[in-house]
Amino acid sequence: MSAEKPTIIYTLTDEAPMLATYAFLPVIRAFADAADINIETSDISVAARILAEFSDLLPEDQKVPDNLGELGRLTQLPETNIIKLPNISASVPQLLAAIKELQEKGYDLPEFPGNPKTDEEKAIRDRYTKCLGSAVNPVLREGNSDRRAPKAVKEYARKHPHSMGEWSMASRTHVAHMTEGDFYHGEKSMTVSGDREVKMELITSDGETLVLKPKVSLTDGDVIDSMYMSKKALVEFYEEQIEDAYKTGVMFSLHVKATMMRVSHPIVFGHAVKVFYKDAFAKHGELFDELGVNVNNGLSDLYSKIESLPSAQREEIIDDLHKCHEHRPELAMVDSARGISNFHSPSDVIVDASMPAMIRAGGKMYGADGRLKDTKAVNPESTFSRIYQEMINFCKTNGQFDPTTMGTVPNVGLMAQKAEEYGSHDKTFEVPAAGVANITDLATGEVLLTQNVEEGDIWRLCIVKDAPIQDWVKLAVTRCRDSGMPVLFWLDPYRPHENELIKKVHKYLPDHDTEGLDIQIMSQVRAMRYTLERVIRGMDTIAATGNILRDYLTDLFPILELGTSAKMLSIVPLMAGGGLYETGAGGSAPKHVKQLIEENHLRWDSLGEFLALAVSLEELGKKTDDKRAVLLAKALDAATGKLLENDKGPSRAAGELDNRGSQFYLAMYWAQELAEQTEDPDLAKRFTSLAQALAQNEDAIVGELNGAQGDHVDLGGYYYPDPEMTASVMRPSKTFNDALAAARD
Ligand SMILES: NC(=O)C1=CN([C@@H]2O[C@H](COP(=O)(O)OP(=O)(O)OC[C@H]3O[C@@H](n4cnc5c(N)ncnc54)[C@H](OP(=O)(O)O)[C@@H]3O)[C@@H](O)[C@H]2O)C=CC1
Ligand SMILES: O=C(O)CCC(=O)C(=O)O
Ligand SMILES: [Mg+2]
């Protein structure tokens, strides 16, 4: 970081948010200059992370620094101020595509070993694994999560409601989850006393001891969980559900989070594919093994691996796969126009976004014929999926939610220091043989938690440290006090892990002044019911949840309330005193990139970026005692309000205002607010000419921005696009560019 100037670090990520950044950074810099704020960038895209990981193999001019590691270190400093945009949590097919693109660009990267055999291959695979799945967020989120819809955003949604599908009482849509043998039923939990080191070991039925994880350091007060999912129960569950959907004629959809639960959920996903196409696997299984097919990476893996076969053999396999459909239910589609089903790739069916989209559509998903249909929404793990069934029941009884009247549900989420599933990646295993899975104290040999497991079961250890729990309770009380809303802790006493958390909540609540505050603890299903009874009456309720429900609820409620989670304010007050300001609560919208490339229209809404930047500037101003930064923040908030009022968000259709046009309006309103304020005349003077230049050229600029749309564009890459080509696509208005440049002179 620059030593003399206060600094905001703006992350460069992937897909739509990265494209939007190309347009937005010059805007930010034109304003930040006025308060002597340094805007630094840090590339944490999946491509940059791959290059950083293999920099030792690359020539000097191709090396990339370990930006993520550096940001991770900075989260421990109180002056740190990071704006974090959503990034790809890569599935294996995405990782392979990124590697291929980089190789084609002349980076001599090793191939990804799908089935590593030698030690060297295993080492390469381990290095690539660091770039897979949710690899960024757990490193940067060194604080708990505060996500909410700002007042102006909620007001906007009330005045301009988005479309909602109708819910019918006769809807056949329902959630199917396991009732035994899943992580919920196979969980043991305890609070650790004293600092300890433990190992994860499997004593097989043959008496062999396999150490799966040699050392995990625990500290006094940590809550640890040992949980497993039975392969047998999972496969039986899929069999039953597929059969039930087929017999009753309802569509089948699968909802997992293979990106965040990057070890366990690809396996859960893969079993679904294998059961669905059981006959084809029975016939060709050996060949699939020889070819190294791994359907944990989706059917796309199978299709790409059989490409090398002679055409007659390939067609026979494809034919056998198709034949399976004759006695299988219809599958929900991700892209019906291109024949891409729920089974194509695990990163296409991300539960936090897919379930809310289905509920918003009146309980329907697209079938192969492009029509919306009721569905059996299969969420194998029952721990959290029951909340969706409760919401579905509510919608069947009360009808669809009404965005013009419904209350809001902000979230305070426990996630700091790799809480719960976030830290479980390197402690999750597909059990190699039946036996006893133990968490054993290294010093004393005491077995802390023990489970009986069978071959193929998924076993994992999750940890939540005590300090993050204390911080989470404090954040919940603070938000309760500041907002005047009641807080519900969504904690289920029947789940061992949450029962430990309940004890801690009871222990730490008395540390705070809770006089007059409405704070309750309820199991998830009751909490959902209670919250919805209030939502429908226009009443607001904060949900204080663990990490998974943080993820699920901060897409679910925003998508129903606001139409998208892009409009959320998403703050992570870092425990060391700094701030991580996230933009929106959703993802990186690959669909949007496709549209940009095809017709040069980017419908990504940067509202999340605008909201995050305002809080970041405000915090920076307060910390450095610089009123100019605080004024910039105030003016930006007012400008964002005006943007909403004047309905200048991006449209969905080419030729109309898109992300770039929306950013232009933000810049114009922001400059106008600063020019009009009287608290700092110098600042007002500085922005008067920019405000005038933008207002006078409004038609010309919008004309240039919208006129550029319509045709295919080339960014020179998907995961690692060419910076100049991307900048030229994202900044097509010379008039706007010149005005921003002049403001910095
Ligand atoms: N914080 C983070 O780093 C996060 C990263 N991700 C990652 O993002 C990728 C894609 O995830 P996926 O679950 O498909 O979720 P996305 O949010 O990318 O996609 C779901 C849909 O949400 C809508 N949407 C999301 N953000 C915006 C926005 N700013 N403006 C307008 N619409 C928006 C779009 O719907 P429509 O176009 O129909 O309006 C989009 O197609 C994955 O790699 C995932 O891991 C996901 C969540 C958070
Ligand atoms: O960390 C991830 O992979 C996804 C994060 C996410 O979906 C969220 O923060 O809401
Ligand atoms: Mg999410």
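On a predicted model such as this, the values are computed, not experimentally measured, just so you know.

Caption draft 1: Here's a closer look at the overall build of the protein. Helices and strands together make up the secondary structure of the protein, namely 26 helices and 24 strands. Taking 2.2 N^0.38 as the reference for a compact globule, 745 residues should give roughly 27 Å; the C-alpha atoms of the protein span a radius of gyration of 26 Å, in line with that estimate. Along the three orthogonal principal directions, the C-alpha set of the protein runs to about 80 × 65 × 60 Å. For the protein, buried positions account for 59% of its 745 residues. A sequence separation of at least 24 residues applies to 79% of the contacts in the protein between residues at least 6 apart. Roughly 28,700 Å² of accessible area belongs to the protein as shown, and the carbon and sulfur atoms make up 49% of that amount. Positive and negative side-chain charges of the protein, numbering 80 and 114 respectively, have mean locations separated by a distance of 3 Å.

Caption draft 2: Examining the site of ligand 2 more closely. Taken together, S89, S134, N137, R141, R147, K257, D352, Y422, R550, D551 and A585 make up the full set of residues adjacent to ligand 2. Taking K257, its side chain carries an N or O atom lying 2.8 Å from an oxygen atom of ligand 2. For the shell around ligand 2, the residue count by class is two nonpolar, three polar and six charged.

Caption draft 3: Spatial organisation of helix α25 (residues 723-730). Looking at α25, one finds that the buried residues are T726, V729 and M730. For α25, the angular spread of buried residues about the axis comes to 90°, placing them on one side. Away from its buried face, by an angle of more than 90 degrees, α25 presents the exposed residues E724 and S728. Against the buried residues of α25 lie α1 (15-32), α19 (590-599) and α22 (659-676). One side-chain oxygen of the residue at the start of α25 lies 3.1 Å from the amide nitrogen of E724, identifying that residue as D722.

Caption draft 4: Broad picture of the pairing of strand β24 (residues 579-583). Most of β24 sits out of view: five of its five residues are buried. Along β24, one buried face is formed by G579, Y581 and T583 and the opposite face, lined by L580 and E582, is buried too. Note that strand β3 (residues 81-84) and β24 share four bridges and pair parallel. Looking at the pairing, K84 lines up with E582 of β24. Direction of pairing for strand β23 (residues 569-573) relative to β24: antiparallel, over a ladder of five bridges. Each residue of the ladder has a partner; that of S570, found in β24, is E582. Counting the residues that bridge the hairpin from β23 to β24 gives five residues, and of these G577 lies at a positive phi of roughly 110°.

Caption draft 5: How the structure looks around the site of ligand 1. Lining the immediate surroundings of ligand 1 are 23 residues, of which G587, A589, H592, R603 and D605 lie closest. The side chain of H592 places a nitrogen or oxygen atom 2.7 Å from an oxygen atom of ligand 1. Contact between ligand 1 and R603: an oxygen atom at 2.5 Å from a side-chain N or O atom of the residue. Considered on its own, ligand 1 offers 880 Å² of accessible surface; in the complex 83% of this is hidden by protein. The leading source of residues in the shell around ligand 1 is α19, at three residues. Taken together, the residues of the shell around ligand 1 sort by class into eight nonpolar, nine polar and six charged.

Caption draft 6: Looking closely at the nonpolar core. Among the nonpolar cores identified, the biggest contains 65 residues, and F31, I37 and W670 are the most heavily contacted of them. Residues within four places of I37 in sequence aside, it is in contact with P6, I8, A32, L617, L620, A629 and L632. With 50 residues, the next largest nonpolar core counts L68, M355, I392 and M415 among its residues.

Caption draft 7: Up close: the pattern of salt bridges. Counting across every chain of the model gives 53 salt bridges. A salt bridge links E53 to R127, with the shortest nitrogen-to-oxygen separation between them at 3.1 Å. Of this pair, E53 sits in helix α2 (residues 46-53) while R127 sits in helix α5 (residues 119-129), and the two are 74 residues apart along the sequence. Here E53 falls in the buried class, since its relative accessible area comes to 19%. Where E421 meets R460, a salt bridge forms, and the shortest distance between an N and an O atom there is 3.2 Å. Of this pair, E421 sits in the loop between β15 (411-413) and β16 (428-430) while R460 sits in strand β19 (residues 458-464), placing them 39 residues apart in sequence. Like E421, the residue R460 is buried in the burial classification. Salt bridges sharing common partners tie together K283, E316, D319, D320 and K323.

Quick notes on the rules
- Residues numbered from 1 in each chain as written.
- Chains lettered and ligands numbered in written order.
- Predicted model: local features only at pLDDT ≥ 70, side-chain atom pairs only at ≥ 80, totals over all residues.
- Heavy atoms only, no water.
- Helix = DSSP H or I, 4+ residues; strand = E, 2+ residues; numbered from the N terminus.
- Rg over C-alpha atoms; globule rule 2.2 N^0.38 Å.
- Buried < 20%, exposed > 50% of the residue type's maximum accessible area, 1.4 Å probe, protein only.
- Contact = heavy atoms within 4.5 Å.
- Areas by Shrake-Rupley, 256 points an atom, 1.4 Å probe, with all protein chains shown as cover.
- Lys, Arg positive; Asp, Glu negative; His and termini not counted.
- Charge placed at Lys NZ, Arg CZ, Asp CG, Glu CD.
- Near = heavy atom within 4 Å.
- Polar contact = N/O pair within 3.5 Å; in protein donor to acceptor, adjacent residues only side chain to side chain.
- Nonpolar A, V, L, I, M, F, W, Y, C, P; charged D, E, K, R; others polar.
- Arc of directions from axis to C-beta.
- Pairing = 2+ DSSP bridges.
- Core = buried A, V, L, I, M, F, W, Y, C linked by side-chain atoms within 4.5 Å.
- Salt bridge = Lys/Arg side-chain N within 4 Å of Asp/Glu carboxyl O.

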